[in-house]
Amino acid sequence: QFDNYALAYMWWIYLASRAGGLGAIGQLFNLPDGNPTTVEGWIGQELGGDFSSAQRDFMLATWIKAASGPYGYEGLLDLSAQPDPSTVSAGTTSLSLPPFGAAFFRLASSSVDYPGTQGADVLYVGIDGASTVDATAPFQVDGGALLVLNTSESLTPTETQPSGPDIPALLPPPVPGGALPARFMDPPPVTPERITALRAWRRATLARMARQGWPVPSR
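Predicted model, so just to flag it, every value in this text is computed and none were measured. (Residues numbered from 1 in each chain as written. Predicted model: local features only at pLDDT ≥ 70, side-chain atom pairs only at ≥ 80, totals over all residues. Heavy atoms only, no water.)

In this section: the overall build of the protein chain. Per the secondary structure count, the protein chain includes six helices and eight strands. Its helices and strands taken in sequence order, the protein chain reads α-α-α-α-β-β-β-β-β-β-β-β-α-α from the N to the C terminus. Buried residues in the protein chain amount to 33% of all 219 residues. At a minimum sequence separation of 6, the contacts of the protein chain that also span at least 24 residues come to 64%. Here the protein chain displays about 11,800 Å² of accessible surface, and carbon together with sulfur accounts for 55% of that area. (Helix = DSSP H or I, 4+ residues; strand = E, 2+ residues; numbered from the N terminus. Buried < 20%, exposed > 50% of the residue type's maximum accessible area, 1.4 Å probe, protein only. Contact = heavy atoms within 4.5 Å. Areas by Shrake-Rupley, 256 points an atom, 1.4 Å probe, with all protein chains shown as cover.)

Any two side chains of opposite charge can pair if their charged atoms end up close together. Tallied over the entire structure, the rule returns four salt bridges. Across the pair Asp57 and Arg18 runs a salt bridge, and its minimum N-O distance is 3.9 Å. Of this pair, Asp57 sits in helix α4 (residues 51-64) while Arg18 is found in helix α1 (residues 2-18), placing the two residues 39 residues apart along the sequence. By relative accessible area, which is 30% here, Arg18 ends up partly exposed. Salt bridges linked by common partners bring Arg18, Arg56 and Asp57 together as one network. (Salt bridge = Lys/Arg side-chain N within 4 Å of Asp/Glu carboxyl O.)

Two aromatic rings, taken as a pair, are described by how far apart their centres are and by the angle between their planes. What the rule picks out here adds up to eleven aromatic pairs. With a centroid separation of 5.3 Å and an interplanar angle of 90°, the aromatic rings of Tyr114 and Phe139 are classed as edge-to-face. Of this pair, Tyr114 sits in the loop between β3 (111-112) and β4 (122-127) while Phe139 sits in strand β6 (residues 139-140), and the two are 25 residues apart along the sequence. For Tyr114, a relative accessible area of 29% corresponds to the partly exposed category. Owing to a relative accessible area of 1%, Phe139 belongs among the buried residues under this scheme. Members of the aromatic cluster, each reached through a chain of ring pairs, are Trp11, Trp12, Tyr14, Phe29, Phe51, Phe58, Tyr73 and Phe100. (Phe/Tyr/Trp six-rings, centres within 6.5 Å; stacked < 30°, edge-to-face > 60°.)

In space, the four strands of this open sheet follow the order β2-β7-β4-β5, with antiparallel pairing throughout. Lying at the two open borders of the sheet, with one neighbouring strand each, are β2 (102-105) and β5 (133-134). Alignment of β4 against strand β7 (residues 145-150), held across six bridges, turns out to be antiparallel. Across the sheet, the residue bridging to Val125 is Leu147, located in β7. Lying over the sheet, α4 contacts β2, β4, β5 and β7, oriented at roughly 150° with respect to β7. (Pairing = 2+ DSSP bridges. Axes fitted to C-alpha atoms, helices over the stretch in contact; angles between N-to-C directions.)

Attention now goes to helix α3 (residues 36-46). Those residues of α3 that sit buried are Pro36, Val39, Trp42 and Ile43. For α3, the angular spread of buried residues about the axis comes to 120°, placing them on one side. Residues of α3 that are exposed and angled more than 90 degrees away from the buried face: Thr37 and Gln45. For α3, the secondary structure elements touched by its buried residues are α1, α2 (23-29) and α4. Backbone nitrogen of Thr37 and a side-chain oxygen of the N-cap are separated by 2.8 Å at the start of α3; the cap is Asn35. Gly48, located one to two residues past α3, shows a positive phi value of around 75°. (Arc of directions from axis to C-beta. Polar contact = N/O pair within 3.5 Å; in protein donor to acceptor, adjacent residues only side chain to side chain.)

For the pair α1 and α4, interaxial distance at closest approach is 10 Å and the crossing angle is 110°. It follows from the interaxial angle that α1 and α4 lie roughly perpendicular. Across the interface between the two elements, Leu7, Met10, Trp11, Tyr14, Leu15 and Arg18 from α1 touch Phe51, Ala54, Gln55, Asp57, Phe58, Ala61 and Thr62 from α4. In terms of residue class, the contact of α1 with α4 is built from nine nonpolar, two polar and two charged. (Parallel < 35°, antiparallel > 145°, perpendicular 65-115°, else oblique. Nonpolar A, V, L, I, M, F, W, Y, C, P; charged D, E, K, R; others polar.)

Right, let's talk about the environment of Leu146 for a bit. Looking at where Leu146 falls in the secondary structure, it is placed in strand β7. Residue contacts for Leu146: discarding those within four places in its chain leaves Ala103, Phe104, Phe105, Leu107, Val112, Tyr124, Val125, Gly126, Phe139, Val141 and Pro165.

Okay, unusual backbone geometry next. With an omega dihedral of -5°, the bond running from Ala137 to Pro138 counts as a cis peptide bond. Inspection of the secondary structure assignment puts Pro138 in the loop between β5 and β6. Omega for the peptide link from Gly164 to Pro165 comes to 5°, which places this bond in the cis form. Phi angles above zero are rare outside glycine, and Ser131 is one such case at about 65°. With respect to the element layout, Ser131 can be found in the loop between β4 and β5. On the accessibility criterion, Ser131 (32% relative accessible area) is partly exposed. Positive phi is not limited to glycine here, since Asp166 has a value of about 65°. In this structure, Asp166 sits in the loop between β8 (161-162) and α5 (182-185). By relative accessible area, Asp166 is classed as partly exposed at 39%.

Structure, rendered in structure tokens:
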């Protein structure tokens, strides 16, 4: 999926930004393999942390979009004009997070704590409306979101863990007109012989826009 490729690109660029610039990309691609344990060794040597802490800060950077520091890209990538990352669907109370899985919850509560039903490796971080990060429970999320992250480094995707927080998620706020991501606006290339596929793509796109709270055109 395109989103997966884009997220992988952002991840490597983020690590490079934390390690001094694009030159670090060469180091990363020169690692003997892409095993998370191998990447964690590089993170420990270059950034002084572990894989989970780097992934946590990377996810926070996609929301906070700072110009520099642990929640920015030091000029290698500018997200300042981009909308907030997608949040879980309205009404969702918990996800089955695979290892390395993460998601954002918008909640009606101003703060939230671990419910006790979350997996043993699930980590919470709060972000409030001023983009202040709260890593201590109860987590302040007023006007922002709750990041949930499965810090397990298992390589078995089926070993999921419940995320909590066992509170129904909210719809994202409406976005200004004309701010739809390009992926919603550009149909896949089709030939006239496949007009049925184009119409199916349009129906699916409109349904996805409605689920995520985007303004849906009437025609």
